[in-house]
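Fold and contact review
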Amino acid sequence: MTVIDSTESELDEAGRAYARLVGVRLRGIRRQKRMSLQEVERDSALEFKASVLGAYERGERAISVPRLQRLARFYRVPVSQLLPGDDGDDGAEPSETGRAPDKLILDLTKLDALATTEGALLARFLGMIQVQRQDFNGRMLTIRGDDLRAVACILNVSVDGVRTRLDEMGVAFHP
């Protein structure tokens, strides 16, 4: 059996409400990535047409599971982040992470380019932080004090040596 996208007329009221919540999540992640609908269409090699993605975001059209998975892969987020939760999550946009000057900011694009075991372990840990914070901008991530201790363990350095080691790796961002 082939699963296809459904239009609003084919959905019952509960389905339409859920499609709207999914749409809010889709729009929130896209905006967090700082992408327009047209940029998604272009960067996905026309896999996700701007008009169809807009219909998903407005809840006018339900997205199929395989297509949702491909969109999550395109945005580089877990599929679960594109779905509203069952715990009272109203589908509001994911919050942006504030950056205090005393916190360490990492360049995730440079980290992704590292081909080391140390880089892979750090990327995996930072991916867990992104999921917890629902922060999927994909470019920068602020490391908080509690997280610095875990990063120090991953890098096998003291907490005081984390900044130096990340600078050596070329992944620390200095505004």
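Residues numbered from 1 in each chain as written. Predicted model: local features only at pLDDT ≥ 70, side-chain atom pairs only at ≥ 80, totals over all residues. Heavy atoms only, no water.

1. A short note on the confidence of the model for the protein chain
- Looking at the protein chain, the pLDDT average stands at 79 and 82% of residues meet or exceed 70.
- When pLDDT is averaged over each helix and strand of the protein chain, the minimum, 49, is found for strand β1 (residues 6–7) and the maximum, 94, for helix α2 (residues 37–43).
- Overall, residues 87–101 carries pLDDT values under 50, and its contacts beyond four positions in sequence, including any with other chains, amount to 30 contacts. (pLDDT = per-residue confidence, 0-100. Helix = DSSP H or I, 4+ residues; strand = E, 2+ residues; numbered from the N terminus. Contact = heavy atoms within 4.5 Å.)

2. Some points on the packing of aromatic side chains
- Evaluated as defined, the whole model comprises 2 aromatic pairs.
- With a centroid separation of 6.1 Å and 50° between ring planes, the pair formed by F48 and F74 is classed as tilted. Residue F48 is located in the loop between α2 and α3 (50–57), and its partner F74 is located in helix α4 (residues 65–75); the two are separated by 26 residues in the primary sequence.
- On the basis of an interplanar angle of 55° and a centroid distance of 5.5 Å, the ring pair of F74 and Y75 is categorised as tilted.
- Judged by its relative accessible area of 1%, Y75 is buried.
- An aromatic cluster of three or more residues is present, and its members are F48, F74 and Y75. (Phe/Tyr/Trp six-rings, centres within 6.5 Å; stacked < 30°, edge-to-face > 60°. Buried < 20%, exposed > 50% of the residue type's maximum accessible area, 1.4 Å probe, protein only.)

3. What about the pairing of strand β4 (residues 140–143)?
- Of the two faces of β4, both are covered, the one formed by M140 and T142 as well as the one formed by L141 and I143.
- In terms of strand pairing, strand β3 (residues 104–107) meets β4 through 4 bridges, oriented antiparallel. The residue bridging I105 from the neighbouring strand is T142, located in β4. (Pairing = 2+ DSSP bridges.)

4. What to know about the packing of helix α1 (residues 13–32) against α4
- Where α1 contacts α4, the two axes come as close as 11 Å, and the packing angle between them is 20°. Taken together, the axis directions place α1 and α4 in an arrangement best described as roughly parallel. You can see that α1 and α4 cross each other, and the crossing is left-handed. Contacts between α1 and α4 involve L26, I29 and R30 on the former and, on the latter, L68, L71 and Y75.
- Of the residues belonging to the contact of α1 with α4, the class tally is 5 nonpolar, no polar and 1 charged. (Axes fitted to C-alpha atoms, helices over the stretch in contact; angles between N-to-C directions. Parallel < 35°, antiparallel > 145°, perpendicular 65-115°, else oblique. Left-handed = near helix turned anticlockwise from the far one by under 90°. Nonpolar A, V, L, I, M, F, W, Y, C, P; charged D, E, K, R; others polar.)

5. Some points on the sheet that holds β3
- Spatially, 3 strands are ordered β4-β3-β5 in an open sheet, and the strand pairing comes out antiparallel. In this open sheet, the two strands that pair with only one neighbour each are β4 and β5 (172–173).
- Relative to the sheet, helix α6 (residues 117–133) contacts β3 and β4, its axis offset from that of β4 by approximately 90°.

6. As for the pairing of β3
- Because side chains alternate across β3, one face comprises the buried residues L104 and L106, and the other comprises I105 and D107, equally buried.
- Where β3 meets β5, 2 bridges bridge the pair, whose relative direction is antiparallel. In the sheet register, L106 faces β5, and the bridge partner there is A172.

7. A few points about the packing of α6 against helix α8 (residues 162–169)
- α8 packs onto α6 with a crossing angle of 115° between their chain directions and a minimal axis gap of 12 Å. Remark: the crossing between α6 and α8 carries left-handed chirality. Only R165, L166 and M169 of α8 make contact with α6, whose side of the interface consists of E118, G119 and L122.
- Each residue belonging to the contact of α6 with α8 can be placed in one class, and the counts come to 3 nonpolar, 1 polar and 2 charged.

8. Let's talk about the pattern of salt bridges
- Under the counting rule described, the total for this entry stands at 9 salt bridges.
- Residues E60 and R58 are paired through a salt bridge, measuring 3.0 Å at the closest nitrogen-oxygen approach.
- E60 gets classed as partly exposed once you look at its relative accessible area, which sits at 36%.
- When its relative accessible area of 44% is taken as the criterion, R58 is described as partly exposed.
- For D147, the salt bridge is made with R133, and the minimal N-O distance between the two is 3.0 Å. Here R133 lies in helix α6 and D147 lies in helix α7 (residues 145–155), a separation of 14 residues in the sequence.
- Using a relative accessible area of 16% as the deciding quantity, one classes D147 as buried.
- The network of salt bridges with common partners includes R27, R30 and E57. (Salt bridge = Lys/Arg side-chain N within 4 Å of Asp/Glu carboxyl O.)

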